[in-house]
Amino acid sequence: MGVTSRVHPPLNPLSVRVVSDPSREWRLTEVNLKVLVIGSGGREHALVWKLSQSPRVDKIYCAPGNAGIAEIAECLDIKADDVDSLLNFARYEWIDMTVVGPEAALTAGIVDAFVKEGRRIFGPDKSGARLEGSKVFAKDFMLKYGIPTAEYRMFSSYLHAEEYIRLKGAPVVIKADGLAAGKGVFVCETVDEALEALKSIMKEKAFGDAGNRVVVEQCLKGEEASFMILTDGKTVVPLVSSQDHKTIFDGDKGPNTGGMGAYSPAPVITKSLETTIMKTVIDPMMKGLSRERINYRGVIYAGLMISDGKPYVLEFNCRFGDPEAQPILMRLESDLFDMLKATAEGKLNEARVSWKDDAAVCVVISAKGYPGNYEKGKIITGLDELTDEKDTMVFHAGTSAKEGKLVSSGGRVLGVTALGSDISAARDNAYKALGKIHFEGMHYRKDIGDKAIKRVKS
Ligand code: AMP
Ligand code: GLY
């Protein structure tokens, strides 16, 4: 795998201005920029919202976006992984920077395609996106570079996997190798459950070719947390910590989802644990990327299990977490456009990054039936009443406009996200705002943030 050389994009002549800065030196700067954001979830709404605050950004497009994003950006009828159409649009509209939200476009090679013609884009190329795109690649990478993770074996034969599961016993974790929209991981309490999961992945092909290989993994116990960094391959900027709530029901019960809520900071990640994570996870990971000649530019999200005070990597993702991005971006004080541009250009050492001291909590509202088959087309009311709420944002995920009305159109529908002086205050603000929102069959967890509040009190 060769190192991708990234050329600076052809500058849009309409965006280049000669300005004088306070030191009275004349320099070229870019203003009135056009940004294209790819994706349609709460994460992308939060990205578009934060990017729209940059004085340099004039116009934002989003492909395909949602009804909330449409209020601040122009939404395009292009799918998030339709690389050819996205590239054509970027050429035609002379887009100054593209920001990729979801993983599918990254593993499909969107960054490689844009970089090939010198277009500025935020996200890792195909070789870097394998960290998320293949669990086998990620586990082998962790083993090779000494990153703490659960013991595992990889299988491409159903019979060998079955034999190994019977030998090892339960609890055990079964993972499909490829992308499975967050549904390819099974934490199994019994051998029968594990064999059921194996059958559905390898025999019934529940996730298609993503299930050609499986990882059978030791089950770790502890508390989970999300730790994200920005990197341009040389500099690492840790983002503030956060914690997701994976399961659909309160008390961490029920099936896993894409994430039902998140808060930042995550008190489980103390200052000293952050130092340990940087030393035992991030440093060897950066060394590994460099040894593998992967020129990674983007976000790396380490999903961690904190077990007996030590961090173990459950997974790497090659993009911002969702819903984690929602509270994190609400806490960001700096200009997001400048940060992402610096990352894409390999100049992250020049970026200024600062955060609000406030905590933030996001509570996701989902549709009836999610994460299984869910209802759509329900009319959403109450959002107009929230315009006066200070420090509260309702980020849209699965919403669309139908005959002038706002309706649900996805599994996760809204992310009610609020700031507060601490997690308890932020949680109260988020639930207060949520109380005004209604649609038929709506579901949300009532315990987002409770674990953090308990931890701080004890
Ligand atoms: P992943 O997509 O790999 O993060 O897995 C989804 C979820 O499955 C994680 O957030 C954990 O809750 C759980 N999980 C994954 N791997 C393990 C493991 N080795 N031990 C315990 N739980 C796990
Ligand atoms: N919230 C988990 C994820 O984005 O993968």
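We now turn to the structure provided with this report. (Residues numbered from 1 in each chain as written. Chains lettered and ligands numbered in written order. Predicted model: local features only at pLDDT ≥ 70, side-chain atom pairs only at ≥ 80, totals over all residues. Heavy atoms only, no water.)

## Quick notes on the overall build of the chain
When helices and strands are counted, the chain shows 13 helices and 24 strands. Relative to the globule expectation of 23 Å for 458 residues, the C-alpha radius of gyration of the chain, 22 Å, shows essentially globular dimensions. Reported as C-alpha extents along the three principal axes, the dimensions of the chain are approximately 70 × 55 × 45 Å. With 458 residues in all, the chain has 57% of them scored as buried. Of the contacts formed within the chain by residues at least 6 apart in sequence, a portion of 68% connects residues at least 24 apart. Total accessible area on the chain stands at roughly 20,100 Å², and carbon and sulfur atoms take up 49% of it. Averaging the coordinates of the 61 positive side-chain charges in the chain and doing the same for the 62 negative ones gives two points 3 Å apart. (Helix = DSSP H or I, 4+ residues; strand = E, 2+ residues; numbered from the N terminus. Rg over C-alpha atoms; globule rule 2.2 N^0.38 Å. Buried < 20%, exposed > 50% of the residue type's maximum accessible area, 1.4 Å probe, protein only. Contact = heavy atoms within 4.5 Å. Areas by Shrake-Rupley, 256 points an atom, 1.4 Å probe, with all protein chains shown as cover. Lys, Arg positive; Asp, Glu negative; His and termini not counted. Charge placed at Lys NZ, Arg CZ, Asp CG, Glu CD.)

## Digging into the site of ligand 2
With respect to spatial proximity, the complete set of residues near ligand 2 consists of Asp 244, Lys 246, Gly 258, Tyr 301, Asn 317, Arg 319, Gly 321, Asp 322, Pro 323 and Glu 324. Here a nitrogen atom of ligand 2 and a side-chain polar atom of Asp 244 are 2.8 Å apart. Note that a nitrogen atom of ligand 2 is positioned 2.8 Å from one of the side-chain N or O atoms of Glu 324. Contact with the protein chains covers 92% of the free accessible surface of ligand 2, which is 200 Å². Partitioned by chemical class, the residues of the shell around ligand 2 number two nonpolar, three polar and five charged. (Near = heavy atom within 4 Å. Polar contact = N/O pair within 3.5 Å; in protein donor to acceptor, adjacent residues only side chain to side chain. Nonpolar A, V, L, I, M, F, W, Y, C, P; charged D, E, K, R; others polar.)

## Here we look at the pairing of strand E3 (residues 33–39)
Along E3, six of the seven residues are buried, which leaves the element largely enclosed by surrounding structure. Sheet topology note: the E3/strand E4 (residues 57–64) ladder contains seven bridges and is parallel. Within E4, the residue paired with Val 35 across the bridge is Ile 60. Assessed by its sense of winding, the connection that carries the chain from E3 through helix H1 (residues 42–51) to E4 is right-handed. Sheet topology note: the E3/strand E6 (residues 97–100) ladder contains four bridges and is parallel. Along E6, the bridge assignment pairs Val 37 with Val 99. (Pairing = 2+ DSSP bridges. Right-handed = clockwise from strand over helix to strand, strands pointing away.)

## Re helix H2 (residues 83–93)
Along H2, the residues classified as buried are Val 83, Leu 86, Leu 87, Phe 89, Ala 90 and Glu 93. Summarising the axial view, the buried residues of H2 lie within an arc of 160°, below the 170-degree limit, and thus occupy one face. Opposite the packed face of H2, turned more than 90 degrees from it, sit the exposed residues Asp 84 and Tyr 92. Of the surrounding secondary structure, the elements contacted by the buried residues of H2 are E3, E4 and helix H4 (110–116). Trp 94, located one to two residues past H2, shows a positive phi value of around 55°. (Arc of directions from axis to C-beta.)

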